[in-house]
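Per-entry structural report
Chain residues, written in single-letter form:
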Amino acid sequence: MVDLLADRALYRFYDDEASPSLDELRERYARQSAGSSADGSETWHNWILRLLATGSVAGFVQATVAGDVVDLAWVVGTSYQGQGLATEATLAVCDAIAPAGSGVVVQAHIAPGNAASEAVAGRIGLALTSDVDADGERLWRSPAG
Ligand SMILES: CC(C)(COP(=O)(O)OP(=O)(O)OC[C@H]1O[C@@H](n2cnc3c(N)ncnc32)[C@H](O)[C@@H]1OP(=O)(O)O)[C@@H](O)C(=O)NCCC(=O)NCCS
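Every value quoted in this text rests on a predicted model; they were computed, and no experiment measured them. (Residues numbered from 1 in each chain as written. Predicted model: local features only at pLDDT ≥ 70, side-chain atom pairs only at ≥ 80, totals over all residues. Heavy atoms only, no water.)

**Structural notes on the overall build of the protein**
Definition in use: Working definition: helices are DSSP H or I runs of at least four residues, strands are E runs of at least two. Numbering for both runs from the N terminus. All radius of gyration figures rest on C-alpha atoms, and the globule criterion is 2.2 Å times the number of residues raised to 0.38. Residues count as neighbours in contact if any of their non-hydrogen atoms are within 4.5 Å of one another. Working definition of accessibility: Shrake-Rupley area with a 1.4 Å probe, residue cover restricted to the visible protein chains.
A tally of regular secondary structure across the protein gives four helices and six strands. What you see for the protein is a C-alpha radius of gyration of 15 Å, in line with the 15 Å of a compact globule of 145 residues. Long-range pairs, those at least 24 residues apart, make up 47% of the contacts in the protein between residues at least 6 apart in sequence. In the structure as shown, the protein presents an accessible area of about 8300 Å², 53% of it carried by carbon and sulfur atoms.

Written out as structure tokens, the structure is:
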């Protein structure tokens, strides 16, 4: 993952975000593995994507659950993009933590102009809302499931 996340092409819409060092990534994953925030208000689910054929790491999907709302984020390494991996992975995550009938709302914060990410959001049934977060990212949201 440290090699995959070193690729600055992934940060086109996040150029103020540094690529993590190995130590930083270890620390991040240790923190994420706790599975919840210290006050218990959020639960954290993090998956590394691996190719079935080779076992190579291809990206990640991250889900932050607060009450009945799930925030999703996704990254697929440049050399693995355009094969439907983000769509496949995020659909699997939605099935796992926001199955139809659960009443859970799924949302994603997407920078204006991030067409690839907008396409993923559309593919998994999220629609653009008029809500904008503090970073200027637009919220895409599902109807309550
Ligand atoms: C966004 C991202 C995860 C998409 O990953 P991916 O595995 O290539 O996505 P998919 O192959 O599942 O493609 C989903 C859709 O996006 C479209 N798409 C992919 N790259 C695109 C691009 N550069 N421009 C426009 N559409 C694009 C695909 O054609 C597909 O649409 P379709 O199903 O109608 O054909 C990947 O580009 C990425 O990691 N980007 C950098 C990090 C990032 O911006 N993350 C998002 C934070 S919200």
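Read on, since the account is not over.
**Here we look at the sheet that holds strand β3 (residues 69–76)**
Basically, it comes down to this: The pairing criterion for strands is at least two bridges between them, as found by DSSP. In this analysis an axis means a line fitted to C-alpha atoms, helices contributing only their contacting stretch, and an angle means the value between N-to-C directions, from 0 to 180 degrees.
Read from one edge of the open sheet, six strands run β1-β2-β3-β4-β6-β5, paired in mixed fashion. Because the sheet does not close on itself, it has two edges, and the strands there are β1 (43–50) and β5 (127–132). Adjacent strand axes in the sheet meet at a mean angle of 30° when their direction is disregarded. Sheet topology places strand β2 (residues 57–66) next to β3; eight bridges connect them, and they run antiparallel.

**Quick look at the site of the ligand**
Where we set the bar: Residues are classed as near a molecule or strand on a simple rule: at least one heavy atom within 4 Å of it. Between N or O atoms, a polar contact is any pair within 3.5 Å; within protein, one atom must be a potential hydrogen donor and the other a potential acceptor, and residues adjacent in sequence are included only when both atoms are from side chains. Note that Gly is not counted as nonpolar here; it falls among the polar residues with everything else outside the nonpolar set of Ala, Val, Leu, Ile, Met, Phe, Trp, Tyr, Cys and Pro and the charged set of Asp, Glu, Lys and Arg.
Around the ligand lies a shell of 20 residues, among which Val76, Gly82, Gly84, Thr87 and Arg123 are the nearest. The contact in question runs from an oxygen atom of the ligand to an N or O atom on the side chain of threonine 87, over 2.7 Å. Within the side chain of arginine 123, a nitrogen or oxygen atom sits 2.5 Å from an oxygen atom of the ligand. Across the complex, the protein chains shield 70% of the 930 Å² of accessible surface that the ligand would expose by itself. Counting residues per element, the shell around the ligand draws most heavily on helix α4 (residues 115–123), which supplies six residues. Residues of the shell around the ligand, tallied by class, amount to 11 nonpolar, eight polar and one charged.

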